[in-house]
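# Residue-level structural notes
Residue-level listing of the chains:
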2 protein chains.
Amino acid sequence: MPSTTTQDNTERGYVIPMGGEVEKVNKPIILERFFELSGGPKANILVIPTASELTETGPDYADLFESMGCRSRYIPVDEREDCFKDDIQSALKEATGIFITGGNQLRLSTILGGTPVAKLIRSLNAHGVHVAGTSAGAAIMSEHMIAGGASGPTPRENGVTMAPGLGLTNRIIIDQHFSQRDRIGRLMAALSYNPFVSGIGIDENTAAFIDPNGLLEVLGHGAVTVLDPGELSHSSMANTKPEEPITLIGMKLHVLASGAQYNINTREAYSEK
Amino acid sequence: MPSTTTQDNTERGYVIPMGGEVEKVNKPIILERFFELSGGPKANILVIPTASELTETGPDYADLFESMGCRSRYIPVDEREDCFKDDIQSALKEATGIFITGGNQLRLSTILGGTPVAKLIRSLNAHGVHVAGTSAGAAIMSEHMIAGGASGPTPRENGVTMAPGLGLTNRIIIDQHFSQRDRIGRLMAALSYNPFVSGIGIDENTAAFIDPNGLLEVLGHGAVTVLDPGELSHSSMANTKPEEPITLIGMKLHVLASGAQYNINTREAYSEK
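The following refers to the structure shown. (Residues numbered from 1 in each chain as written. Chains lettered and ligands numbered in written order. Predicted model: local features only at pLDDT ≥ 70, side-chain atom pairs only at ≥ 80, totals over all residues.)

### A short note on the packing of helix α3 (residues 86-93) of chain A against helix α5 (residues 116-126) of chain A
All names here are of chain A. The geometry of α3 relative to α5 is characterised by a closest axis approach of 10 Å and an angle of 10° between their N-to-C directions. Overall, the two elements α3 and α5 adopt an arrangement that is roughly parallel. Here the hand of the crossing between α3 and α5 comes out right-handed. On the side of α3, the interface is formed by Ile-88, Gln-89 and Leu-92, while α5 contributes Pro-116, Val-117, Leu-120 and Leu-124. Among the residues forming the contact of α3 with α5, the class breakdown is six nonpolar, one polar and no charged. (Axes fitted to C-alpha atoms, helices over the stretch in contact; angles between N-to-C directions. Helix = DSSP H or I, 4+ residues; strand = E, 2+ residues; numbered from the N terminus. Parallel < 35°, antiparallel > 145°, perpendicular 65-115°, else oblique. Left-handed = near helix turned anticlockwise from the far one by under 90°. Contact = placed C-beta atoms within 7 Å. Nonpolar A, V, L, I, M, F, W, Y, C, P; charged D, E, K, R; others polar.)

### Digging into the interface of chain A and chain B
Tallying the contact residues gives 32 residues for chain A and 32 residues for chain B. Mapped onto the side of chain A that touches chain B, the elements with two or more residues apiece are α7 (184-193) and β14 (248-256) of chain A. It is β14(A) that contributes the most residues to the side of chain A that touches chain B, nine residues altogether. Its residues assigned to classes, the side of chain A that touches chain B comprises 17 nonpolar, 11 polar and four charged. With five bridges joining them, β14(A) and strand β14 (residues 248-256) of chain B adopt antiparallel strand pairing. Looking at β14(B), one finds that Leu253(A) is bridged to Met251(B). (Pairing = 2+ DSSP bridges.)

### So, the sheet that holds strand β10 (residues 206-210) of chain B
Residues and elements named next belong to chain B. Spatially, β3-β2-β4-β5-β1-β10-β11-β15-β16 is the arrangement adopted by the nine strands of the open sheet, whose pairing is mixed. Edge positions in the sheet fall to β3 (71-74) and β16 (268-270), since each has one partner strand and no second. The average undirected angle you get between the axes of adjacent strands in this sheet is 20°.

### Topic: helix α7 (residues 184-193) of chain B
In an α-helix, one full turn covers 3.6 residues, which means residues spaced three or four apart are oriented alike. Most of α7(B) is tucked away: nine of the 10 residues are buried. Of all the positions in α7(B), only Ile184(B), Gly185(B), Arg186(B), Leu187(B), Met188(B), Ala189(B), Ala190(B), Leu191(B) and Ser192(B) are classed as buried. (Buried ≥ 20, exposed ≤ 12 C-beta atoms within 10 Å, placed from the backbone.)

### Examining the relation of the copies chain A and chain B
Mapping chain A onto chain B leaves a residual RMSD of 0.0 Å; the transformation is a rotation of 180° accompanied by 0.0 Å of translation along its axis. This pairing of chains is accounted for by a two-fold axis. Scanning chain A for the C-alpha nearest the rotation axis identifies Lys252(A), at a separation of 2.2 Å. Of all interface residues in chain A, 100% are interface residues in chain B too; the two copies therefore contact each other through one and the same surface. (Least-squares fit on C-alpha atoms with pLDDT ≥ 70 in both.)

### Digging into the sheet that holds strand β10 (residues 206-210) of chain A
Either a parallel or an antiparallel arrangement is found when strands of a sheet pair, and the pairing is made through backbone hydrogen bonds. Residue and element names in this part refer to chain A. Strand order across the open sheet formed by nine strands is β3-β2-β4-β5-β1-β10-β11-β15-β16, with mixed pairing between neighbours. Strand pairing shows two members of the sheet lacking a second neighbour, β3 (71-74) and β16 (268-270), which therefore form its edges. Pairs of neighbouring strands in the sheet enclose a mean axial angle of 20°, with direction left out of account. Note that β10 and strand β11 (residues 215-220) share five bridges and pair antiparallel. Bridged to Ala-208 within β11 is Val-218. Strand contacts of helix α2 (residues 57-67): β2 (44-48), β3 and β4 (97-100), with the helix running at about 175° to β3, the strand carrying the most contacts.

Put into structure tokens, the structure is as follows:
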């Protein structure tokens, strides 16, 4: 774990997708680890509540991080034009950690996408600022985002809708509320298009802490399901009719409970540290 | 496909688990293939309705197979003592195909288990009689049966209840209504105990035709999900607490739509014939 996390750091920051419904009150171990990683008492955590349409989401998270003992504020970005304001960008540049709340990931992609804020988040993360996001805030993190799709375990043609995301990594596609909303089928459908990436399905109250070297470690109540299509020998996606099941041969699957790890670069899984 | 299917055949019969809700009226391709396999017009299909508590289940299936153009009858086995009756055993010995209906698989295991009927079904299948079963009738087929469990994609300790089944094969564990009832987690939990077997999750209105050489072919509307733990490098089942997620590393997963195949002996999957 790096001891300093300023943006002058040449090491990348962590990317920390969380599966939604993260515990905030009683033993909030996931949010506390993000707080510690971001500098503990010296942290400055910036909350981006854009995905949510509730006015209290931003202040509530900022209050929560402040109650842990660091500085925290939220930036009220509700329209694309907000992303061009100097004070918003200045606030981002002071952060040691950025937290993207849940809500609707299409609000994140349509409002932040292609603006100086999106560019700045990528640049800050590349220079050591940790970026966490829960639910919609987790979905937006990767280059390829799941915008929506069907539930159920069987992957089907038309079973998933993809959109460009923030691009903090292009090695994974993230899905969240994974077990609770039964999303393994749509994640496999997303992977069937192009088996370059690994699929990361995160249960509620569970997080994937991905370090600068691409080592993902699970923390929380549920599991992270990793789908690795790297050795896929066949995908019928190209010639399957709408709504029909997709044949996929040779997918690798890991279920990782708290403490287990997966390297998103080498595609190797480990049962514990 | 063998042209003769008498019990004198030295080749084994097919084992044909179906995922439930199999189409009976409009283009019943799955039941028709079972009818053809059992000899077409020369078939004699015996229906075992024991899993069901509805009195019409047995007669309805017998009528359906007769309407396809062969002989068919059902045996009213409702109590263990029925399994010791000579006429029941005689009826079984005349069959070229045996069809086990849906219902409650624990009725099948508690009523048939350890009786001459169970022994006779195994023996007949070993000598060329095809055995099909839908839903509960599919679950009972393998040596290790899933009796019940939790739904959802994440495997958990206590997430599945196992019981001994009919033992037509010990290479697979079968689950059914797979996509519709969200059972990938409980199937993985079943495999986490002992990765010797492959897990076969069959969607509704879908069947796995397993030939005498162990080659499984998918037929129907949905998919068959194959979980192959043969190269599993870690299962935390032995030291996971009740209800907690199980870490599983190195599971192989195939999703097979109609026409795709899987060899249950060699664990190889094929996209088509």
